[in-house]
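The residues making up each chain are set out below.
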Amino acid sequence: RISKGTIIVDIGRTEAIIPYEEQVPREYFQPKDRLRAVLLNIEEDKRGTKLVISRAHKNFVESLFKAEVPEIGEGIVQIMGISRDPGGRTKIAVSSNDQDIDPVGACVGMRGSRVQSVSGELGNERIDIIIYDDNPAQMVINSLAPAKVESIVMDEDSRSMELAVNEENLALAIGARGQNIRLASRLVGWELNIISSNEAEAKERVVEAEFQAKLMETLSIDEKEAEALIRGGFLTFDDVAYAEDGKLSAAMEIDEARAEEIRAAAADAALMEAMGEITQEESNLESLTELGFSEEDVETLVSNALKSKDDIAELAVDELQDIIEITEKKAADIIMKARESWFN
């Protein structure tokens, strides 16, 4: 039966509920309908034990594949990650412990029979089955296929990547309402920013110009010498400070004594940059604690590239719940608190 948006399901000796947020959008059931769901939670309250089941959670997709694909049950094929937009699209990453078994082929089945069975149970939700890779950059490329990624710039500290694709592939990579890039980001666990190849080239030129100005000011060198460093592939102060003997002097056409002076100045500049980043990181972590997160939650958030109050403010409630164990109300309260600065 249905009560105030909640579906109550008879499962034999007791009942279970599917709260509104655990239902798939645009999916409707009538009394006496049969349905499948995954057990999500066992909650205790004053009235006793309450079983919460879900059709929207990504674990439901995992359970369906385990039922349909014998190789998963046997441990030959492993599900390495799932990201889901219930009712719309799911991305699932798989790997194989047997080099003779194609994990994607096993999940797809003969003429697509297995994946079609899972998709049918999910109301024809689109399912992308992806080869898992330990390399995050390759994993992103796999996740966005058939859109072709031309270049990737990775920032391991913030766990973010900037992806460049050509104009023809831009819409395909982003997906309707950003769905494709959003699901790929969740699957890989990195923040993904996508731009066109032309924008990437323009941005690279701007970054180089800005760094060239820094080189001239910080290292007391002229424009010609700064340009020589850029051409030589010295794009950070660390690159300059730890350049191999002879490479810096050769690139700038200066003697080794002058090169050593420049290396020392670059090492000081790199240290100052690092100290500034550490101070900013400490400030960001303190802002997460102020929102009410525990130390354990903060560690989990940081590992998912969520390092500041602004990062939390941009999340939806269900996205925060996917990352840490938190009630819907508390997640909503924290996100609204993080957004307070937007309105002040």
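Everything that follows concerns the structure shown earlier in this document.
Throughout what follows, the structure given in this document is the object of discussion.

Details of the pairing of strand β7 (residues 89–96)
Turning to step 1, where the next piece is worked out: In terms of burial, β7 is largely enclosed, as seven of its eight residues are buried.
Turning to step 2, where the next piece is worked out: The pairing of strand β6 (residues 77–85) with β7 spans eight bridges and is antiparallel. Across the sheet, the residue bridging to I82 is I92, located in β7.
Turning to step 3, where the next piece is worked out: What sits between β6 and β7 in their antiparallel hairpin is a turn of three residues, with G87 showing a positive phi close to 85°.
Turning to step 4, where the next piece is worked out: Here six bridges tie β7 to strand β8 (residues 126–131), and the two strands are oriented parallel to one another. Considered in β8, the bridge of R89 is made with R126.

Quick look at unusual backbone geometry
What you tend to see is this: most non-glycine residues have negative phi, and most peptide bonds are trans.
Turning to step 1, where the next piece is worked out: The residue after A145, namely P146, is reached through a cis peptide bond having omega 15°.
Turning to step 2, where the next piece is worked out: Relative to the assigned elements, P146 resides in the loop between α5 (136–144) and β9 (151–155).
Turning to step 3, where the next piece is worked out: For K4, which is not glycine, the phi dihedral falls at a positive 50°.
Turning to step 4, where the next piece is worked out: Of note, K4 is situated in the loop between β1 (2–3) and β2 (6–10).
Turning to step 5, where the next piece is worked out: Of note, the phi angle at R177 is positive, near 55°, even though the residue is not glycine.
Turning to step 6, where the next piece is worked out: For R177, a relative accessible area of 76% puts it in the exposed group.

Notes on the sheet that holds β7
Turning to step 1, where the next piece is worked out: The three strands lie next to each other as β6-β7-β8, forming an open sheet whose pairing is mixed. Edge positions in the sheet fall to β6 and β8, since each of these pairs with one other strand and no more. The mean angle between the axes of side-by-side strands here comes to 20°, regardless of whether they run parallel or antiparallel.
Turning to step 2, where the next piece is worked out: Lying over the sheet, α5 contacts β7 and β8, oriented at roughly 145° with respect to β8.
Turning to step 3, where the next piece is worked out: Where helix α7 (residues 179–188) meets the sheet, it contacts β6, β7 and β8, and its direction lies at approximately 135° from that of β6.

A few points about the side chain of E71
Turning to step 1, where the next piece is worked out: Looking at the secondary structure, you find E71 in helix α2 (residues 70–73).
Turning to step 2, where the next piece is worked out: Setting aside its immediate chain neighbours within four residues, E71 contacts I76, V77, A106 and R114.

What about the sheet that holds strand β3 (residues 15–18)?
Turning to step 1, where the next piece is worked out: If you trace the five strands from one edge of the open sheet to the other, you get β1-β2-β3-β5-β4, paired in mixed fashion. Two strands in the sheet have a free side with no partner beyond their single neighbour: β1 and β4 (38–45).
Turning to step 2, where the next piece is worked out: Here two bridges tie β3 to strand β5 (residues 48–54), and the two strands are oriented parallel to one another. Counted as the bridge partner of A16 is L51 from β5.

Observations regarding helix α16 (residues 328–338)
Turning to step 1, where the next piece is worked out: Along α16, the residues that are buried comprise A331, I334, I335 and A338. Projected onto a plane normal to the axis of α16, the buried residues spread over an arc of 100° and lie on a single side.

Topic: the pattern of salt bridges
Turning to step 1, where the next piece is worked out: For the structure shown, the criterion picks out 14 salt bridges.
Turning to step 2, where the next piece is worked out: E15 serves as the salt-bridge partner of R1, at 2.9 Å between the closest nitrogen and oxygen. With R1 in the segment before β1 and E15 in strand β3, this residue pair connects regions lying 14 residues apart in the sequence.
Turning to step 3, where the next piece is worked out: Take E15: its relative accessible area is 40%, and that puts it in the partly exposed class.
Turning to step 4, where the next piece is worked out: Here the salt bridges do not stand alone but share partners, grouping E27, R36, R55 and E121 into one network.

What to know about a negative patch on the surface
Turning to step 1, where the next piece is worked out: A cluster of acidic residues, E21, D318, D322 and E328, forms a negative patch on the protein surface.
Turning to step 2, where the next piece is worked out: Checked against the element boundaries, E328 lands in helix α16.

Cut-offs used in this document
- Residues numbered from 1 in each chain as written.
- Predicted model: local features only at pLDDT ≥ 70, side-chain atom pairs only at ≥ 80, totals over all residues.
- Heavy atoms only, no water.
- Buried < 20%, exposed > 50% of the residue type's maximum accessible area, 1.4 Å probe, protein only.
- Helix = DSSP H or I, 4+ residues; strand = E, 2+ residues; numbered from the N terminus.
- Pairing = 2+ DSSP bridges.
- Axes fitted to C-alpha atoms, helices over the stretch in contact; angles between N-to-C directions.
- Contact = heavy atoms within 4.5 Å.
- Arc of directions from axis to C-beta.
- Salt bridge = Lys/Arg side-chain N within 4 Å of Asp/Glu carboxyl O.
- Patch = residues over 30% accessible without salt bridge, like charges linked within 9 Å, V, L, I, M, F, W, Y side chains within 5 Å.
- Areas by Shrake-Rupley, 256 points an atom, 1.4 Å probe, with all protein chains shown as cover.
- Lys, Arg positive; Asp, Glu negative; His and termini not counted.
- Charge placed at Lys NZ, Arg CZ, Asp CG, Glu CD.

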